[in-house]
Amino acid sequence: MKLTVAGLDQHYGSAQALRGISFEVEPGQCLAVLGRNGAGKSTLLKCLAGVLPVTRGRIALDGVDVTRAANHRRSLAGVAYVPQGREIFAELTVRENVLVAARAHGQPTQAAFDEMVALFPVLGEMAERRGGALSGGQQQQLALARALVTKPKLLILDEPTEGIQPSIVQLIEDVLKRLKGALSILLVEQYLDFAAAVADGFVVLSRGQVVDEGPQSAMSRERLSRFMSV
Ligand SMILES: Nc1ncnc2c1ncn2[C@@H]1O[C@H](COP(=O)(O)OP(=O)(O)OP(=O)(O)O)[C@@H](O)[C@H]1O
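Since we're looking at a predicted model, the values are computed, not measured. (Residues numbered from 1 in each chain as written. Predicted model: local features only at pLDDT ≥ 70, side-chain atom pairs only at ≥ 80, totals over all residues.)

A. Examining the confidence of the model for the chain more closely. Confidence along the chain averages 95 in pLDDT terms, with 99% of residues attaining 70 or more. Predicted as a complex, the structure gets a pTM of 0.95 and an ipTM equal to 0.94. (pLDDT = per-residue confidence, 0-100.)

B. Representation of the sheet that holds strand β5 (residues 64-65) within the structure. Pairing is antiparallel across the open sheet formed by four strands, whose spatial order is β2-β1-β4-β5. Here the strands that pair on one side only, and so sit at the sheet edges, are β2 (15-25) and β5. Taken together, the two bridges between strand β4 (residues 56-61) and β5 define a ladder with antiparallel strand orientation. Directly across from Leu61, in β5, lies its bridge partner Val64. Along the sheet face, helix α1 (residues 41-49) touches β1 (3-12), β2 and β4 and points at about 65° away from the line of β2. (Pairing = 2+ DSSP bridges. Helix = DSSP H or I, 4+ residues; strand = E, 2+ residues; numbered from the N terminus. Contact = placed C-beta atoms within 7 Å. Axes fitted to C-alpha atoms, helices over the stretch in contact; angles between N-to-C directions.)

C. The arrangement of the site of the ligand in detail. Taken together, Tyr12, Ala15, Ala17, Gly35, Asn37, Gly38, Ala39, Gly40, Lys41, Ser42 and Thr43 make up the full set of residues adjacent to the ligand. Listing elements by their share of the shell around the ligand, those giving two or more residues are β2 and α1. Residue contributions to the shell around the ligand peak at three residues, all from α1. Residues belonging to the shell around the ligand are distributed by class as follows: four nonpolar, six polar and one charged. (Near = placed C-beta within 6 Å. Nonpolar A, V, L, I, M, F, W, Y, C, P; charged D, E, K, R; others polar.)

D. The arrangement of the environment of Glu26 in detail. You can see Glu26 is positioned in the loop between β2 and β3 (30-34). For Glu26, a count of 13 C-beta atoms within 10 Å corresponds to the partly exposed category. As for Glu26 and Leu183, which are separated by 157 residues in sequence, their C-alpha atoms are 9.8 Å apart. (Buried ≥ 20, exposed ≤ 12 C-beta atoms within 10 Å, placed from the backbone.)

E. Representation of the domain arrangement of the chain within the structure. Domain boundaries in the chain define domain 1 (1-78 + 153-230) and domain 2 (86-151). Taking only C-alpha atoms, the centre of domain 1 and the centre of domain 2 are 23 Å apart. Counting residues at the interface gives eight residues for domain 1 and seven residues for domain 2. Top contributing element to the side of domain 1 that touches domain 2 by residue count: helix α7 (residues 166-179), with three residues. Considering only residue class, the side of domain 1 that touches domain 2 consists of six nonpolar, two polar and no charged. (Domains from an automatic or database assignment.)

F. Representation of α7 in the model. Counted at 1.5 Å a residue, the expected span for α7 with its 14 residues is 20 Å, and the 20 Å between its end C-alpha atoms agrees. By the burial criterion, the buried members of α7 are Leu171, Ile172 and Leu176. Looking straight down α7, one finds that the buried residues subtend no more than 130° of arc, so they occupy a single side. α7 presents Pro166, Ser167 and Arg178 as exposed residues on the side facing more than 90 degrees away from its buried surface. Phi turns positive one or two residues past the end of α7, at Gly181, with a value near 100°. (Expected span 1.5 Å × (residues − 1). Arc of directions from axis to C-beta.)

G. Summary view of the sheet that holds strand β8 (residues 184-188). Spatially, β6-β7-β8-β3-β9-β10 is the arrangement adopted by the six strands of the open sheet, whose pairing is mixed. Taken across any chain shown, the strands that pair with only one partner, and hence form the sheet edges, are β6 (79-82) and β10 (209-215). Within the sheet, the average angular offset between the axes of one strand and its neighbour, ignoring direction, is 15°. As paired elements, β3 and strand β9 (residues 201-206) share four bridges and run parallel to each other.

H. Main features of the nonpolar core. Counting 68 residues, the largest nonpolar core has Val33, Ile156, Leu186 and Leu187 as its most contacted members. The leading source of residues in this core is helix α6 (residues 136-148), at six residues. When residues of this core are assigned to domains, at least three fall in each of domain 1 (1-78 + 153-230) and domain 2 (86-151). Those residues in contact with Ile156 that lie beyond four places of it in its chain are Leu45, Leu48, Ala49, Val79, Ala80, Tyr81 and Leu186. (Core = buried A, V, L, I, M, F, W, Y, C linked by C-beta atoms within 7 Å.)

I. Expanded view of the pairing of β10. One ladder, built from six bridges, connects β9 with β10; its direction is antiparallel. Looking across to β10, one finds that Val203 is bridged to Glu213. Where β9 folds back on β10, the antiparallel hairpin that results is connected by two residues, among which Arg207 adopts a positive phi of roughly 45°.

Now the structure itself:
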């Protein structure tokens, strides 16, 4: 799925958080959105997922304008969003968490769950545990499984590596690399090595504006460290 973002502005009351943001994600590609805390990255993703209204500009999926579409309509169109903080159901089991997400897209089957366990084996071991009882890294894998079980065409991820141990970061990197091509990915990330390993290109936000952009080959620490928090 192709994502087109053109001239996007967003305001929190009188405070402008996004200023004329424009970029594209080509089908099957991964674009990393980089920038310091407070640059506007999470706000941008919320606008794209349809959980925050934009003030001005245009968002299109494969050329179809969805700027004013509700989040469930974007979800049905193939957009899956994993917010920072993961938002799994703490009281439901791991299996129920995955199947509830699958049901919203018409296929709450054991096969759908098994497919997610093939990507994230720990979810099979934890199938009957409550989501809230999982570690942070396990919850992130569950959140990714809940997104992927809907068979998205565009996966929007807000800092999937935040607070997660290196072995799980590596697992998530491997999964995203394997899936890329079949779906498009928009990835907000503070961890430059992970972003450079997964993404095909990047944009940098600062104070709500795109201040740099380029291909994966230009994602060097020298070029980007002044825009990063770490
Ligand atoms: N609900 C809100 N109400 C008012 N201002 C907000 C709200 N959420 C974010 N902001 C402001 O909007 C700007 C962009 O914040 P945003 O969370 O999008 O940045 P970010 O780049 O994602 O940073 P972080 O990595 O810390 O989440 C910041 O100045 C922030 O203080």
